[in-house]
Amino acid sequence: MKIAIVGAGAMGSVYAALLADAGNEVWAIDIWKEHINAIASTGLRVEGASGDRTVTGIHAATSLSDAGACDLYIIATKADGVGPAARDVAASMRDDSLVLTIQNGLGAGERIAEHMDTANVLLGVAAGFGASMRGPGHAHHNSMSLIRIGEINGGLTERVERIAQVWRDAGFNVKAYDDIEQLVWEKFICNATYSAPCTVFGCTIGEILDTRDRWEIAKGCALEIHALGVARGVRFGFDDPVAYVTEFGRNMPNARPSMLLDHMAGRRSEIGAINGMAEVLGAELGIATPYNQTLSAIIRDRESRFG
């Protein structure tokens, strides 16, 4: 397939390297010029959970228009980059092109819908998948568990299975699902439980769980998200949200959420798509979200002072 990775940061670089190494024509698109130049000149090195390889032959550009029409567009930007990426994809894609977006939090589908019909849009959820940049042209693949994909409007289709197989052929553990919204929300509740609390308190997931006051706040975030999901008709695969997020956290006690890592590096986070999204949905549904709202306000206040 001809595949464009729109947003070739840490995770996007892992996608690009493995998909290209499997024989696909891959275009890595990113505004980080030094990274793009390194990929074009010496290749893209990815080391870690998926091995250590340097992949040459990847097309690299700062503008998606250089790639022309593709079979598959993978939007791997942060949440605030989804809209601009979708705008660029809409100007480039064919009628039969597919768009797969993989982000944290909620709202990616709605951001994409502002720029294109969602008939050809797939949603992805990455579980236990982490990566970081070591420098231009060099990514570290921290961990890889499972990527789940599905039609934005539901249903298990032949094209979802086909795209899943492309990823499997590249070495990813990927499964296709008929109700991707459920999975998006089940990741969302975990993200919201730990992202803002860990960032505000400056601690790991395990340190949230093992400190009573911190855990009460994180648990409040989880219960608010669950209430929102139930009101939206989400069919959660669990009955006890607290037990669900507790088990999730116990499996990675030393982890620091990406939001905390962003703040440690002085970068703005994806707060608007995670805990901040609870505020938006709560206002729409008439459900109070004081835990998520308060933490989001603290995060936004801190980020207002970032350079």
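The text that follows walks through the structure, step by step, so that each part is easy to find. In this text, all values refer to a predicted model and were calculated from it rather than measured experimentally.

### Focus: the environment of Ile225
At step 1: As for its placement among the helices and strands, Ile225 is situated in helix H8 (residues 212-232).
At step 2: Given a relative accessible area of 0%, Ile225 falls into the buried group.
At step 3: Between the alpha carbons of Ile225 and Arg256 there is a distance of 20 Å; along the sequence they are 31 residues apart.

### Looking at the sheet that holds strand E4 (residues 53-55)
At step 1: Read across the sheet, 4 strands follow the order E4-E3-E10-E9 without closing on themselves; strand pairing throughout is mixed. Bordering the open sheet on either side are E4 and strand E9 (130-135), each of which pairs with just one other strand. With strand direction ignored, the average angle separating the axes of adjacent strands in the sheet is 25°.
At step 2: Summarising the sheet, strand E3 (residues 44-48) and strand E10 (residues 138-143) pair through 4 bridges and their orientation is parallel. The residue of E10 that forms the bridge with Val46 is Ala139.
At step 3: Where helix H2 (residues 33-42) meets the sheet, it contacts E3, E4, E9 and E10, and its direction lies at approximately 100° from that of E3.

### A short note on the packing of aromatic side chains
At step 1: Summed over all chains, the structure comprises 9 aromatic pairs.
At step 2: A ring pair is formed by Phe236 and Phe238, whose centres lie 5.1 Å apart and whose planes are at 40°; its orientation type is tilted.
At step 3: Under the relative-accessibility criterion, Phe238 is labelled buried at 12%.

### Some details on the side chain of Glu186
At step 1: The residue Glu186 is located in helix H6 (residues 180-201) in this model.
At step 2: Buried charge Glu186 goes without a salt bridge, the closest partner of opposite sign being Arg148 at 5.1 Å.
At step 3: Polar contacts involving the side chain of Glu186 include one to the main-chain amide nitrogen of Gly237, which spans 2.6 Å.
At step 4: Leaving out residues up to four positions away in the same chain, Glu186 has contacts with Phe236, Gly237, Phe238 and Tyr244.

### What about the side chain of Glu47?
At step 1: Inspection of the secondary structure assignment puts Glu47 in strand E3.
At step 2: Separated by 2.7 Å, the side chains of Glu47 and His138 make a polar contact.
At step 3: Those residues in contact with Glu47 that lie beyond four places of it in its chain are Asp52, Arg134, His138, Ala139, His140 and His141.

Calculation criteria
- Numbering of residues begins from 1 in every chain and follows the order in which that chain's sequence is written.
- Note on the predicted model: pLDDT of at least 70 is required for a residue's local features to be given, and 80 or more for side-chain atom pairs to be given and counted; whole-chain, interface and lining totals, by contrast, use all residues.
- The basis for the side-chain values is all heavy atoms of the structure; hydrogens and waters are excluded.
- Helix numbering and strand numbering both begin at the N terminus, where a helix is a DSSP run of H or I of at least 4 residues and a strand a DSSP run of E of at least 2.
- For every residue, the accessible area (1.4 Å probe, protein chains only) is compared with the maximum for its type, and the residue is labelled buried under 20%, exposed over 50%, or partly exposed between those bounds.
- A pair of strands is considered paired only if DSSP assigns at least 2 bridges between the two.
- The angle between two axes is taken between their N-to-C directions and runs from 0 to 180 degrees, where each axis is a line fitted to C-alpha atoms and a helix contributes only its stretch in contact.
- By definition in these notes, contact holds between two residues if any of their heavy atoms fall within 4.5 Å.
- Each pair of aromatic rings taken from Phe, Tyr and Trp, with Trp reduced to its six-membered ring, is defined by centres within 6.5 Å and is described as stacked if the planes are under 30 degrees apart, edge-to-face if over 60, and tilted in the remaining cases.
- Counting rule applied: Lys, Arg positive; Asp, Glu negative; His and chain ends not counted.
- The term salt bridge refers to a pairing of a side-chain nitrogen on Lys or Arg with a carboxyl oxygen on Asp or Glu at a separation within 4 Å.
- The term polar contact refers here to a pair of N or O atoms within 3.5 Å; inside protein, the definition further demands a hydrogen-donor-capable atom paired with an acceptor-capable atom, and it admits residues adjacent in sequence only when both atoms are side-chain atoms.

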